[in-house]
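Structure at a glance
Given next are the chains, with one letter for each unit.
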Amino acid sequence: ADVAYLRSVLPSTMEDAFFDYLATLDASEVTVSAMPEGSVVFARVPFLQVKGPLLMVQLLETTLLCLVNYASLVATNAARFRLLAGPDVKLMEIGLRRAQGPDGALSASKYSYIGGFDYTSNVLAGKLYGIPVCGTIAHSFIMSFTSLEEVQPRELPPLAGGEPVDLPALAELWLGRVCELLQTAPEKANRGELAAFVSYAIAFPRNFQGLLDTYCVRRSGLPNFCAVALALHQLGYRAIGVRLDSGDLAQQSKEIRRVLQACGARFQVPWFETIPIAVSNDISEQSLEEFSREGSEIDMIGVGTNLVTCPLQPSLGCVYKLVEVNGSPCLKLTEDEEKMTVPGTKMIYRLYDAAGHPFMDLMALEEEPSPSVGQELVVRVLGWLGETSKVVPTTVEPLHRTYFRDGQVCEPLPSLPEVRSHAQASLSLLSPAHRRLHDPQPYPVAVTERLHHLLAELRQASQ
């Protein structure tokens, strides 16, 4: 069917032999080597090498670039958010509504997880990939209630067993006590919001959480949440968190923490003081920097638009270039040195210093011997005007593995959690100077003397 379709759209002058050839394509003629999924990749370093008949590997170009570009872009974006948030704050991907269609949304969920996010709100991604799913109560749910009379059912049995209790009535009693503590008027608390919280608590008594900003956080959302949470506590249950979705999130989180601590102290409920606070609302890298600068009590952050659409860099420019044909190295010559290819079939090595940090990636021709630990290497760093440098690696790591040969996957493919762990471990090994997001120290990428001479010869021959 594919060949028939191509016949219908290609010029009528195409020879039948071409279509006959397409029908005989055999993947066993292709070999693919790559860095393990989740590896840190630097500019100019080939992370994927494909060998095979020229037409075969040309046909793979667009597919391979499609598969790696967006995936690498989102994983990198997620890693930046993780670095800014620090290791203790939980990150939740909530970008489904803003992603580029359902396929883009599923990819974004998967690669955000690899980049360091803890959860996704995309339930299908959870089902397909095993990513932990997480979400919160919605504004529309809260707004759908107007009074406590709408709550059905009304009763909730204590966790330890016993007679069911009228939870709306109990929550109203607690609301008076909370408002007295906070010195706010109970009548200012929206009764529809209280009804929504109570209804949610009856349905999910072990997973109760509150969205506080549907009306007014201070006068309504927070007192209503505390009232329902304390009513649940009286029955043996524990609320799991609150969420903010507007306003000055850092400042509000500190105010909410003070109220939770006050309630915990006044009503002798110690765990109340540590109820997790989650935030959302167009969170960006700048938002996380502000949280850090101002200080906050935020425990979980939901990131959507600025994660899955990657507005700071909407596309990743990975390229797929011919470097050798019929055993002869090829060079794409251009005035833009960054776009100039490095010729020949290559081995890629990552060199580490005594502190365990990678300090250089080295490209060598495939037939060259591997660099040795503790021995001095003479290299040429790309972009350093051809000057030689001498380095002594403490550890040498070959970066490429062969994953596909003779029509078969020949390297065990890791699970998604294993890829995520590898990505986080790779990032953690970077030195702080290379890992920082603002004005990072450039990471050197070098070639061996032999590869440098080949590059110079081909450049000279092409001029």
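Just above sits the structure.
Everything quoted here is computed from the prediction, not taken from an experiment. (Residues numbered from 1 in each chain as written. Predicted model: local features only at pLDDT ≥ 70, side-chain atom pairs only at ≥ 80, totals over all residues. Heavy atoms only, no water.)

1. Focus on the overall build of the chain
- In terms of helices and strands, the chain carries 16 helices and 20 strands.
- Relative to its length of 463 residues, the chain is extended, with a C-alpha radius of gyration of 29 Å against a globular reference of 23 Å.
- When its C-alpha atoms are laid out on the principal axes, the chain stretches across 85 × 60 × 40 Å.
- Within the span of the chain, comprising 463 residues, buried residues form 45% of the whole.
- Contacts in the chain between residues at least 24 apart in sequence constitute 65% of all its contacts with a sequence separation of at least 6.
- Entry remark: accessible area of the chain is about 23,800 Å², with carbon and sulfur atoms responsible for 52%.
- Computed over 38 positive and 52 negative side-chain charges, the inter-centroid distance for the chain is 5 Å. (Helix = DSSP H or I, 4+ residues; strand = E, 2+ residues; numbered from the N terminus. Rg over C-alpha atoms; globule rule 2.2 N^0.38 Å. Buried < 20%, exposed > 50% of the residue type's maximum accessible area, 1.4 Å probe, protein only. Contact = heavy atoms within 4.5 Å. Areas by Shrake-Rupley, 256 points an atom, 1.4 Å probe, with all protein chains shown as cover. Lys, Arg positive; Asp, Glu negative; His and termini not counted. Charge placed at Lys NZ, Arg CZ, Asp CG, Glu CD.)

2. Quick look at the state of the cysteines
- Evaluated as defined, the whole model comprises 0 disulfides.
- Here C179 is not cross-linked by a disulfide; its sulfur's nearest cysteine counterpart is in C226, at 9.5 Å.
- A relative accessible area of 2% places C179 in the buried class.
- The thiol sulfur of C318 is not disulfide-bonded, and the nearest other cysteine sulfur, from C66, lies at 12 Å.
- Accessibility expressed as a relative area gives 18% for C318, which makes it buried. (Disulfide = S-S within 2.5 Å.)

3. Some thoughts on the packing of aromatic side chains
- Taken as a whole and judged by the stated rule, the model has 11 aromatic pairs.
- Judged by centre distance (5.5 Å) and plane angle (70 degrees), the rings of F18 and F19 are edge-to-face.
- Aromatic side chains F81 and F117 sit 6.3 Å apart centroid to centroid with 75 degrees between the ring planes, which places their arrangement in the edge-to-face category. Of the two residues, F81 is situated in helix α4 (residues 61–85) and F117 in the loop between α5 (101–115) and β4 (119–120); the sequence distance between them amounts to 36 residues. (Phe/Tyr/Trp six-rings, centres within 6.5 Å; stacked < 30°, edge-to-face > 60°.)

4. A word on a nonpolar patch on the surface
- Together, Y5, L6, V9 and L10 give the surface a local cluster of nonpolar side chains, amounting to about 340 Å² of exposed area.
- Positionally, Y5 belongs in helix α1 (residues 2–9).
- Note on Y5: relative accessible area 54%, which makes it exposed. (Patch = residues over 30% accessible without salt bridge, like charges linked within 9 Å, V, L, I, M, F, W, Y side chains within 5 Å. Salt bridge = Lys/Arg side-chain N within 4 Å of Asp/Glu carboxyl O.)

5. Thoughts on the pattern of salt bridges
- Summed over all chains, the structure comprises 14 salt bridges.
- For R257, the salt bridge goes to E297, with nearest N and O atoms at 3.2 Å. Within this pair, whereas R257 is found in helix α11 (residues 249–266), its partner E297 is found in the loop between α12 (285–294) and β10 (300–303), the two being separated by 40 residues in sequence.
- Exposure remark for E297: the relative accessible area of 33% places this residue in the partly exposed category.

6. Some words on the packing of helix α10 (residues 217–234) against α11
- Packing of α10 against α11 brings their axes to within 11 Å, and their N-to-C directions diverge by 45 degrees. Accordingly, the angle class assigned to the pair α10 and α11 is oblique. In this structure, α10 crosses over α11, and the sense of that crossing is right-handed. Of α11, the residues touching α10 (which contributes V217, R218, L222, F225 and C226) are Q252, I256, V259, L260 and C263.
- Class assignment for the residues of the contact of α10 with α11 results in 8 nonpolar, 1 polar and 1 charged. (Axes fitted to C-alpha atoms, helices over the stretch in contact; angles between N-to-C directions. Parallel < 35°, antiparallel > 145°, perpendicular 65-115°, else oblique. Left-handed = near helix turned anticlockwise from the far one by under 90°. Nonpolar A, V, L, I, M, F, W, Y, C, P; charged D, E, K, R; others polar.)

7. Topic: unusual backbone geometry
- P153 follows Q152 through a cis peptide bond whose omega is -5 degrees.
- When you line up the elements, P153 lands in the loop between α7 (139–143) and β5 (155–156).
- Residue Q268 is not a glycine yet carries a positive backbone phi of 55 degrees.
- In this structure, Q268 sits in the loop between α11 and β9 (277–279).
- Its identity is not glycine, yet D439 carries a phi of approximately 50 degrees, on the positive side.
- Here D439 lies in the loop between α15 (432–435) and β20 (445–448).
- Assessed through its relative accessible area of 68%, D439 is described here as exposed.

8. A word on the sheet that holds strand β3 (residues 90–93)
- Pairing within the open sheet is parallel, and its 6 strands lie in the order β4-β3-β10-β9-β8-β7. Of all strands in the sheet, those bounded by a partner on one side alone are β4 and β7 (209–211).
- Sheet topology note: the β3/β10 ladder contains 4 bridges and is parallel. Residue pairing in the sheet places M92 in a bridge with G302 of β10. (Pairing = 2+ DSSP bridges.)

9. Looking at the packing of α4 against α12
- Interhelical geometry of α4 versus α12 gives an angle of 10 degrees and a closest axis separation of 9 Å. Overall, the two elements α4 and α12 adopt an arrangement that is roughly parallel. Across the interface between the two elements, N77, R80, F81, L84 and A85 from α4 touch E285, L288 and E289 from α12.
- For the contact of α4 with α12, the per-class residue count stands at 4 nonpolar, 1 polar and 3 charged.

10. A closer look at the pairing of β10
- Side chains of β10 alternate between two faces, with M300 and G302 and I301 and V303 buried alike.
- Crossover connection from β9 via α12 to parallel β10: handedness right-handed. (Right-handed = clockwise from strand over helix to strand, strands pointing away.)

11. Focus on the side chain of Q252
- As for its position among the elements, Q252 is in helix α11.
- Apart from residues no more than four positions distant in its own chain, Q252 is found in contact with V217, L244, S246 and G247.

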